[in-house]
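Each chain, letter by letter, is given below.
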Amino acid sequence: MAEEGGATRMKRRRTPPAPNTLQPGYHIFWQQRTYRVIALDPDNALVLHVEPIPEAPRTTLSLLDLLTTSPSETSAPLFAPTLEALHEQLEELYGITSTVFTHDIPDTYVIKARVIITVVETVRRLVAFETQQAALHGETVLRTQAIGRALETVNKTTIQVQVKGTTKIHRLHTCRAAYYKYVNLYDTYHGNEAAIAASFRRATFRLPQMSQAQFHFIDLCLLLYYGNTRSTKARVYQLASDILEKRTQGYWVDPERCGATVPQNLVTELLDLKIPLQVILENPEKKALLTKIQMPSTGWFSGYTRYIEAQPDQGEQLLTTRLGKGIWEQFHLVFDTFVHRAQFPLQYVFADHWLIDAWIVDEETRKKPSRLWLTLLIDVYSRSILGMALLYEDPCIESIQQALRHAIWEKTSAHELGIEQQWACYGIPQQLFLDNAWAHHSHSLENLARVISRGGMYNPIDLVFRPPYRGRYGAIIERLFKNFSGQIKELVTGAIHSSDPKEVRTAARSACLLYSDMDFLLHRLIVKYQHTEHRELAGMTPHQKWSEGLESSGFPVVPPFTPAMDRLFLRMHPQTRTVQSRGIPAFGLHYWSAQLAGIERVDRAGRAVQYNFRYDPVDISRISLFRHGEWAGDGNARELQQADGTFRHVSLVEWKEAKRLAGSETNQTEGQTPAELALVSDLQTLSQQRTQEKKAAQRHSTKLHTQTVKEPKQTAEQVPNEAPDAETERVLRFLHG
């Protein structure tokens, strides 16, 4: 619905086109009134004879006045060949719903609406004239006093109101308090007489007097037989009728007799065919909670069902109030209902993380096996994978924000990797369903979901958190992860086939793929999934289902991808910073750049300006400053600048570890950061040196072991060179003669 609202706002900006022709019978909406063209003036081609709608004395309109009106939202005229077409334009441009007509409304309501419109328009015209005259004489007029004088003039007049062919005379008499109420009604309904008259009706007009027991029964039947199945409204109505007539004999639970909560066991027993109804009725405690009800008409049932479907949030509130929170969660919040309710792409999007069942190795040393986290966003309507993020660290807020960044704009990552098939889905999710991880409740994600709309130009993201310990609510994405896991185990060298520690160690030793290899493989799997036929989609692929959905909902409207928009996907720091002479302090570093040289440091009152900043935990060499939600510029860490002018990429975890190891009595202040940076480099150099020494020591120990084994053989060969004793000589002569 937010996307439709954004489209409506975009449509409001266009200027209504002038008609190619104005024939008798055409309709015009101008200055909050509707007119029907009766005839063209034979003497003056620029004058139209028109009849106001609803019935009122005929008048004339000048084409010069109509076509020279400034194209503002409230004054631009609208033209249509039929009254229905004019109502569609009014609803599209101004949000005025003209589904009511004066012939459906009592005469007293029409007269009262006509009086309201006359009083408001007359007073405004008199006040504007008095203000204009005072301005010509250089005088100032208080608006309150001008309204009072205008009301005195209005209260002396009498108007003729023509309703349904009869003319009635009405004397105006309006006090100041009543006038302000008239203004509120006039502005709320944009001066539409029929809408103002219809607003006088009671809120329950034309609604049947349904009892609480009837509502409870219908709501439960909708949850049981319509929300979780593919049954039609007619089939559900027939099932409900059979239950009420044949099973319960017209009895049902009366919530007014049950007190705060309706006993669920009694509801279950009424629906259980194995329990005779007579047994329930013979229990005096249970029978006291029952009452006789009748099945409503099919027309009411169909209209009520459409109402629940069209307004899921209000429908949830109604059903939760009548049935209880437990029943709503049990029957309505499971994933299957989202599948049935999704009517267009981007309506419901699920997000989740998966620790990939495979090891990869470091690109520099081809050692240090590690695992990756994959974050996916999947659209419920088309089963399309909307976006992805691949990170080394545990799943955190960065993975969701990177996946959103990849999902919102058109994707080029697959083509950059040489994959020819399309990965076409993109756009801003309307409702993003997340689990209750602590990172999903961060200010960064909440702020991103709000400001992505850019002040209402685009739809925001509604964050919905799935209940804890309810894995079935995310069944669609869990099933996809299981599918990918099987393919990874089959294709990847270094895949973890089981949780056995021995298998895990063996997989780590055999790992050989790099991060880029895993990224390419996952892109191939995702694109293949996008173009694979699904039984649940009636044999269509997610790509085809997405394209079909765009034909009815239109292409997604997304904001331009600017540097300021790119920075919104970084993590937002909870604290603010001021610009100091040495730069902007953060993380024990000082950030500065040419972009920040001209930013405002103090406001008009002489106070230091506070800036919010965002950063990437994987690389804290740069931060992005924001003020009032607008990007002010980037700053680079002076202490991380290298000899060639570039900045060393250091993660926040590495930097904190370096500061911890560098902590000493002489190195505790914030100004000692160069030594901390030197320690990071020294640790890396020392690690490489110790690794080489370890390898050399292993080679040397192997050589010594070989020499130790060979030395006894050399001694055995030297024994015959010595002179044998007498016994040895005797044995040798016996053996060899």
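Predicted model only: the values in this text are computed from it and were never measured.

Enquirer: If you had to explain the overall build of the protein chain to someone new, which residues and values would you point to?
Expert: For the protein chain, the count of helices and strands is 28 helices and 20 strands. Every one of the 737 residues in the protein chain was classed for burial, and the buried ones make up 42%. Taking the contacts inside the protein chain whose residues are at least 6 apart along the sequence as the reference set, 64% of them involve residues at least 24 apart. Just so you have it, the protein chain exposes about 41,400 Å², and 52% of that area is on carbon and sulfur atoms.

Enquirer: Please provide a residue-by-residue account of the packing of helix α21 (residues 475–491) against helix α23 (residues 515–530), values included.
Expert: Angle between the axes and distance between the axes: these two values describe a pair of packed helices. Where α21 meets α23, the axes come as close as 12 Å, and the angle between the chain directions of the two elements is 130°. Taken together, α21 and α23 sit at an angle that is classed as oblique. Crossing handedness for the pair α21 and α23: right-handed. Touching Leu 480, Phe 484, Gln 487, Ile 488 and Leu 491 of α21 are Met 518, Leu 521, Leu 522, Leu 525, Ile 526, Lys 528 and Tyr 529, all from α23. Looking at the contact of α21 with α23, its residues break down into ten nonpolar, one polar and one charged.

Enquirer: Just give me the short version of the packing of helix α4 (residues 107–136) against helix α5 (residues 143–154), but keep the residues and values in it.
Expert: Two elements in contact, α4 and α5, have axes separated by 9 Å at closest approach and are oriented at 125°. With respect to their mutual orientation, α4 and α5 come out oblique. For the pair α4 and α5, the crossing hand works out as right-handed. Only Arg 143, Ala 146, Ile 147, Arg 149, Ala 150, Leu 151, Thr 153 and Val 154 of α5 make contact with α4, whose side of the interface consists of Val 119, Thr 122, Val 123, Leu 126, Val 127 and Glu 130. Of the residues that constitute the contact of α4 with α5, the class distribution is nine nonpolar, two polar and three charged.

Enquirer: Before we move on, can you summarise the packing of aromatic side chains with the specific residues and values?
Expert: Summed over the entire model, instances satisfying the criterion amount to 13 aromatic pairs. Taking 5.7 Å as the distance between ring centres and 70° as the angle between the ring planes, the aromatic pair formed by Trp 409 and Phe 569 counts as edge-to-face. Here the residue Trp 409 occupies a position in the loop between α18 (397–408) and α19 (413–416), and Phe 569 occupies one in the loop between α25 (563–567) and β15 (571–577), the gap between them amounting to 160 residues. By relative accessible area, which is 6% here, Phe 569 ends up buried. Relative to Phe 613, the ring of Phe 587 lies with its centre 6.0 Å away and its plane at 85°, an arrangement referred to as edge-to-face. Here Phe 587, found in the loop between β16 (584–586) and β17 (589–592), pairs with Phe 613, found in strand β18 (residues 611–616); they are 26 residues apart in sequence, far enough to count as distant. In this structure, Phe 587 and Phe 613 share a single accessibility class: buried. Here the aromatic cluster, defined as three or more aromatic residues joined through ring pairs, consists of Tyr 348, Phe 350 and Phe 433. The ring of Trp 423 carries Lys 411 above its face, with NZ or CZ at 5.4 Å from the centroid.

Enquirer: Provide a residue-level description of the pattern of salt bridges, including the pertinent values.
Expert: Two side chains with opposite charge may pair up if their charged atoms get near one another. This structure, assessed with the given rule, holds twelve salt bridges. Here Glu 548 makes a salt bridge to Lys 545, at a shortest N to O gap of 3.3 Å. Note that Glu 548 and Lys 545 are positioned in helix α24 (residues 542–553) at a spacing of three residues, about one turn of the helix. Here the residues in one salt-bridge network are Arg 567, Arg 622 and Asp 634, joined through shared partners.

Enquirer: Lay out helix α6 (residues 176–188) with the relevant residues and their values.
Expert: Helix length check: α6, at 13 residues, gives a terminal C-alpha distance of 19 Å against a target of 18 Å (1.5 Å per residue), a fit within 8%. Burial in α6 covers these residues: Ala 178, Tyr 179, Tyr 182, Val 183 and Tyr 186. Along the axis of α6, the buried positions cluster into a sector of 145°, meaning they face one direction only. Facing away from the buried side of α6, by more than 90 degrees, are the exposed residues Lys 181 and Asn 184.

Enquirer: Account for the side chain of Ser 413, naming residues and giving values.
Expert: Among the secondary structure elements, Ser 413 is positioned in helix α19. With relative accessibility at 16%, the residue Ser 413 sits in the buried group. Look past the residues within four positions of Ser 413 in its chain and what remains in contact with it is His 406, Trp 423 and His 523.

Enquirer: Provide a residue-level description of the nonpolar core, including the pertinent values.
Expert: Within soluble globular proteins, side chains that are nonpolar generally end up buried alongside one another. Counting 65 residues, the largest nonpolar core has Ile 356, Leu 376, Ile 488 and Met 518 as the members making the most contacts within it. What Ile 356 contacts, discounting residues up to four positions off in sequence, is Arg 371, Leu 372, Leu 374, Leu 390, Ile 488, Met 518 and Leu 522. Core analysis: the second largest hydrophobic core is formed by 32 residues, Met 210, Leu 244, Cys 258 and Phe 301 among them.

Enquirer: Mind laying out the sheet that holds strand β1 (residues 27–30), listing which residues take part and the relevant values?
Expert: Ordered by their spatial adjacency, five strands build an open sheet running β4-β3-β2-β1-β5, and the pairing between neighbours is antiparallel. This sheet does not close on itself; its edge strands, each paired only once, are β4 (59–62) and β5 (78–80). Averaged over all pairs of adjacent strands, the angle between strand axes in this sheet comes to 40°, irrespective of strand direction. Direction of pairing for strand β2 (residues 33–40) relative to strand β3 (residues 47–53): antiparallel, over a ladder of six bridges. Across the sheet, residue Ala 39 finds its bridge partner in β3, namely His 49.

Enquirer: Could you give me a rundown of the sheet that holds strand β11 (residues 373–379), with the residues and numbers involved?
Expert: Spatial strand order, β12-β11-β10-β13-β14: five strands in an open sheet with mixed pairing. The open sheet has two edge strands with one neighbour each: β12 (385–391) and β14 (462–465). Strand-to-strand twist of the sheet, defined as the mean angle between neighbouring strand axes without regard to direction, takes the value 25°. Strands in contact with α23 are β11 and β12; relative to β12, the strand with the most contacts, it is inclined by about 165°.

Enquirer: Outline the pairing of strand β20 (residues 630–637), supporting the account with residue identities and numerical values.
Expert: When β17 meets β20, the two strands line up antiparallel, connected through two bridges. Following the sheet pairing, Tyr 591 is matched in β20 by Ala 637. Both strand β19 (residues 619–627) and β20 contribute to a ladder of six bridges, which runs antiparallel. Counterpart to Arg 627 in the pairing with β20 is Glu 630. What sits between β19 and β20 in their antiparallel hairpin is a turn of two residues, with His 628 showing a positive phi close to 55°.

Enquirer: Before we move on, can you summarise unusual backbone geometry with the specific residues and values?
Expert: In this structure, Gln 249 is a non-glycine residue whose phi angle is positive, near 55°. Turning to its location among the elements, Gln 249 is positioned in the loop between α9 (233–247) and β8 (251–253). Despite not being glycine, Leu 346 has its phi angle at roughly 70°, a positive value. Residue classification places Leu 346 among the buried positions, given a relative accessible area of 1%.

Enquirer: Which residues make up the confidence of the model for the protein chain, and what are the values?
Expert: Across the protein chain, the average pLDDT comes to 76, with 74% of residues at 70 or higher. No element of the protein chain has a lower mean pLDDT than helix α1 (residues 2–12), which averages 40, and none a higher one than strand β9 (residues 290–292), which averages 92. Counting interchain partners and residues more than four positions distant, the pLDDT-below-50 stretch residues 1–16 has 32 contacts. Note on residues 330–337: pLDDT is under 50 here. Beyond four places in sequence and across chains, it has 22 contacts.

Enquirer: Quick one: what's the story with the environment of Gln 238, residue by residue and with numbers?
Expert: Structurally, Gln 238 is set in helix α9. Judged by relative accessible area, Gln 238 falls into the partly exposed class, the value being 39%. Taking the C-alpha atoms as reference points, Gln 238 and Thr 298, 60 residues apart in sequence, are found 9.5 Å from one another.

Calculation criteria
Residues numbered from 1 in each chain as written. Predicted model: local features only at pLDDT ≥ 70, side-chain atom pairs only at ≥ 80, totals over all residues. Heavy atoms only, no water. Helix = DSSP H or I, 4+ residues; strand = E, 2+ residues; numbered from the N terminus. Buried < 20%, exposed > 50% of the residue type's maximum accessible area, 1.4 Å probe, protein only. Contact = heavy atoms within 4.5 Å. Areas by Shrake-Rupley, 256 points an atom, 1.4 Å probe, with all protein chains shown as cover. Axes fitted to C-alpha atoms, helices over the stretch in contact; angles between N-to-C directions. Parallel < 35°, antiparallel > 145°, perpendicular 65-115°, else oblique. Left-handed = near helix turned anticlockwise from the far one by under 90°. Nonpolar A, V, L, I, M, F, W, Y, C, P; charged D, E, K, R; others polar. Phe/Tyr/Trp six-rings, centres within 6.5 Å; stacked < 30°, edge-to-face > 60°. Lys NZ or Arg CZ within 6 Å of the ring centre and 35° of its normal. Salt bridge = Lys/Arg side-chain N within 4 Å of Asp/Glu carboxyl O. Expected span 1.5 Å × (residues − 1). Arc of directions from axis to C-beta. Core = buried A, V, L, I, M, F, W, Y, C linked by side-chain atoms within 4.5 Å. Pairing = 2+ DSSP bridges. pLDDT = per-residue confidence, 0-100.

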